[in-house]
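Residues per chain, in single letters:
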Amino acid sequence: MQAIADWFQRLYETTGLNFSVFYDAYDWDRYFSGLKMTLLLSVTTILLSLVIGAVGALLQGSPSILLRLPVNAFVVVFRNTPPLVQLFFFYFGLGTMLPAIETAGMRVPLLNNVQWAIISLSLFAAAFNVEIFRSGIEAVPRTTLEAAEALGYTRLKAYVHIVLPLAIRVCLPALNNNLVNLLKTTTLAYAIAVPETLYAVKQIWSESQNVFEMMVLLLATYGILVGILVWLMHRWERAMRIPGYAR
């Protein structure tokens, strides 16, 4: 590691390219902390959006209009409004209406900015996931569900054990695109001072005056993160492929 730090130090001295995160421990700590926060936001929101999307798709296909209407309203609201507006609504709107709690003699919000970012981004992506899962469910032949019911499966068990696994195979490409967009959308958390990668890099270039170098590093960071997610999704897609199904 010291050899890498020395190389970047010489690069700065000889060319003026100041990648300070690689030779300055303080800048590296800030960048790495931001990267960890981005990973936390990404993993948490991806998992929550998948769960909410799957449950919402089940309720959307319910025969009860009392279950379908709230899900349809949720999809319309969160799919048709900007994610930054939603983030501000949750943090500055709902956040100010919740009671504060006493901690070590200080009054702090019930939910902090990181928690609001997770909630807002998860719901935003879940609205698209509901429609993605719904399209996959509708692609499963009706006779498959009828066969499951003939074998004694309840609607819920048939959905969990038969319909959903088949639907996921159909909707994985669309789901891949939505999850990649969600990972990139986590940068919006910068707007409410969540210390993710963009926030950390902005602090570094404000002090070190190395905007170009930090922007290159930022683009490379998200390029690598997206590449890893796409690779994992493609591995998942290959693992779940059934020869001859959905072709």
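See the structure shown above.
Residues numbered from 1 in each chain as written. Predicted model: local features only at pLDDT ≥ 70, side-chain atom pairs only at ≥ 80, totals over all residues. Heavy atoms only, no water.

(A) The arrangement of the environment of H161 in detail. Mapped onto the fold, H161 is located in helix 7 (residues 155–185). In this structure, the C-alpha to C-alpha distance between H161 and L59, residues 102 residues apart in sequence, is 16 Å. (Helix = DSSP H or I, 4+ residues; strand = E, 2+ residues; numbered from the N terminus.)

(B) Just helix 8 (residues 197–208), in detail. Here helix 8 spans 16 Å end to end across twelve residues, near enough to the 16 Å set by a 1.5 Å rise per residue. Among the residues of helix 8, those classed as buried are T197, A200, V201, I204 and W205. Buried residues of helix 8, viewed axially, fall in a sector of 125 degrees; they line one side. Downstream of helix 8 by a residue or two, Q209 has a phi angle that is positive, lying close to 55 degrees. (Expected span 1.5 Å × (residues − 1). Buried < 20%, exposed > 50% of the residue type's maximum accessible area, 1.4 Å probe, protein only. Arc of directions from axis to C-beta.)

(C) Just the nonpolar core, in detail. Ranked by size, the top nonpolar core spans 42 residues in total, and within it Y31, F133, Y159, L175, L179, M214 and L229 carry the most contacts. In terms of residues, this core owes the most to one element, helix 7, which gives 14 residues. For L229, the residues in contact, after removing those within four places along its chain, are I46, L179, V180 and L183. (Core = buried A, V, L, I, M, F, W, Y, C linked by side-chain atoms within 4.5 Å. Contact = heavy atoms within 4.5 Å.)

(D) Summary view of the pattern of salt bridges. Applying the stated rule across the entire model yields six salt bridges. Between R30 and D27 there is a salt bridge, with the nearest N and O atoms lying 2.6 Å from each other. Residue R30 and its partner D27 are located together in helix 2 (residues 25–60), separated by three residues, close to a single helical turn. Accessibility expressed as a relative area gives 4% for D27, which makes it buried. The salt bridge involving R79 is made with E131; its shortest N-O contact spans 3.7 Å. A residue pair is termed long-range when its members are at least 10 positions apart, and R79 in helix 3 (residues 65–79) and E131 in helix 5 (residues 113–139) qualify at 52 residues. Judged by its relative accessible area of 36%, R79 falls in the partly exposed class. A relative accessible area of 17% places E131 in the buried class. Through salt bridges with shared partners, one network takes in R79, E131, R134 and E138. (Salt bridge = Lys/Arg side-chain N within 4 Å of Asp/Glu carboxyl O.)

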